[in-house]
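So the chains spell out like this:
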Amino acid sequence: MKKINYLIALAIISIASMLNGCSSPSEKVEDAQEKADKANLNLDQAKEDYIVDVDNYRKETADKIAGNEKLEADFNARIANDKADAREDYKKKIAALDQKDTDMKKRLAEYKMEGKDKWIAFKAGFNKDMDALGQDWKNLTNNKDK
């Protein structure tokens, strides 16, 4: 008898806990709506962060290019008294680097926001090219000092 009472009590507890854990359809809809709202908020925040990242990167790049332009101006002043043939050689190198600066500005300006993954890939490649260009400017100006 004790065994039967124990089994009945266990069955009642099991059924009660299963019924208590079940949600009504309206509760399920409300829960799904809350999850969708949270997902939309997260998506909106991610889009906003992406736009801010692109804008900040454009500003940083503009600063780097402005630094290159300052190097160019300083270098032009330093070579003003060089011999004409040496000055012409430097002018050609400067023009080539200046064209690369212009191409980099154009490449960044033409970037279309197509998603975070494409932005990360673009930014990695662009950073590599900008670093190489900055190094080319430094090499040119440092070689003049030697």
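These figures come from a predicted structure and were not determined experimentally.

Conventions we followed
Each chain has its residues counted from 1, following the order in which its sequence is written. Residue-level local features of this predicted model are given only where pLDDT is at least 70; pairs of side-chain atoms are given and counted only at 80 or more, and the full residue set underlies all totals for whole chains, interfaces and linings. Computation of side-chain values covers all heavy atoms of the structure but excludes hydrogens and water. Helical segments are the DSSP runs of H or I of at least four residues, strand segments are the runs of E of at least two, and each set is numbered from the N terminus. Burial classification: accessible surface area is computed with a 1.4 Å probe over protein chains only, and a residue below 20% of its type maximum counts as buried, one above 50% as exposed, and the rest as partly exposed. Contacts were defined at the residue level, with two residues in contact if any of their heavy atoms lie within 4.5 Å. Counted as salt bridges are all cases of a side-chain nitrogen of Lys or Arg within 4 Å of a carboxyl oxygen of Asp or Glu. Between 30 and 60 degrees the pair is tilted, below 30 it is stacked and above 60 it is edge-to-face, where a pair is any two Phe, Tyr or Trp rings, Trp via its six-membered ring, whose centres lie within 6.5 Å. Candidate patch residues must exceed 30% relative accessible area and have no salt bridge, after which like charges are joined if within 9 Å and Val, Leu, Ile, Met, Phe, Trp or Tyr side chains if within 5 Å. Each accessible area value is a Shrake-Rupley result obtained with a 1.4 Å probe; residue values ignore everything except the protein chains displayed when judging cover. Scored between 0 and 100, pLDDT is the confidence that the predictor attaches to each residue. Here a helix's expected span is defined as the number of its residues, less one, multiplied by 1.5 Å. Charge assignment: positive for Lys and Arg, negative for Asp and Glu; neither His nor the chain ends contribute.

Asker: Could you give an account of the overall build of the protein chain, with specific residues and numbers?
Answerer: Looking only at helices and strands, one finds 4 helices and 0 strands in the protein chain. N-terminal to C-terminal, the α/β element order of the protein chain is α-α-α-α. Each of the 146 residues in the protein chain was classed as buried or not, and the buried ones make up 17%. Considering only contacts within the protein chain whose residues lie at least 6 apart along the sequence, 74% involve residues at least 24 apart.

Asker: Could you give an account of the pattern of salt bridges, with specific residues and numbers?
Answerer: Enumeration over the complete set of coordinates arrives at 7 salt bridges. The partner of E69 in a salt bridge is K105, and the shortest N-O contact between them spans 3.0 Å. Of the two residues, E69 sits in helix 2 (residues 25-79) while K105 sits in helix 3 (residues 84-109), which places them 36 residues apart along the sequence. Residue E69 is classed as partly exposed on the basis of its relative accessible area of 35%.

Asker: Which residues make up the packing of aromatic side chains, and what values go with them?
Answerer: Summed over all chains, the structure comprises 7 aromatic pairs. Note on Y57 and W119: the rings are 5.4 Å apart at their centroids and 85° apart in plane angle, and the pair reads as edge-to-face. Separated by 62 residues along the polypeptide, Y57 in helix 2 and W119 in helix 4 (residues 116-145) bring together distant segments of the chain. Relative accessible area serves as the criterion here: at 4%, Y57 is assigned to the buried category. Their ring planes at 90° and their centres at 5.1 Å tell us that F75 and Y90 sit as a pair that is edge-to-face. With F75 in helix 2 and Y90 in helix 3, this residue pair connects regions lying 15 residues apart in the sequence. For the pair F75 and Y90, a shared accessibility class is recorded, and that class is buried.

Asker: Now, about a nonpolar patch on the surface: what can you tell me, with residues and values included?
Answerer: Nonpolar side chains collect at one region of the surface, where I4, I8 and I12 lie side by side and expose about 290 Å² of accessible area between them. Residue placement: I4 occurs in helix 1 (residues 2-21).

Asker: How would you summarise the confidence of the model for the protein chain if you had to cite specific residues and measurements?
Answerer: Looking at the protein chain, pLDDT values average 83 and 85% of them are 70 or higher. When pLDDT is averaged over each helix and strand of the protein chain, the minimum, 67, is found for helix 1 and the maximum, 90, for helix 3.

Asker: Account for the side chain of N68, naming residues and giving values.
Answerer: Here N68 is to be found in helix 2. Dropping the residues within four chain positions of it, N68 is found in contact with D101, L133, G134 and W137.

Asker: An account of the environment of F126 is requested, with residue identities and associated values reported.
Answerer: Relative to the helices and strands, F126 resides in helix 4. For the pair F126 and T61, spaced 65 residues apart in the sequence, the C-alpha separation amounts to 9.6 Å. Not counting residues within four places of it along the chain, the set of residues in contact with F126 comprises Y57, T61, M104, R107 and L108.

Asker: Break down helix 3 for me, citing the residues and quoting the values.
Answerer: In this model, helix 3 (26 residues) spans 37 Å end to end at C-alpha, consistent with the 38 Å of a helix rising 1.5 Å per residue. Among the residues of helix 3, those classed as buried are Y90, I94, L97, D101, M104 and L108.

Asker: Lay out the side chain of D101 in plain terms, naming residues and giving numbers.
Answerer: Note on placement: D101 falls in helix 3. Buried D101, no salt bridge; nearest opposite-charge side chain is K105, N-O distance 7.0 Å. Non-local contacts of D101, meaning those with residues more than four positions away in its chain, are made with I65, N68, L133 and W137.

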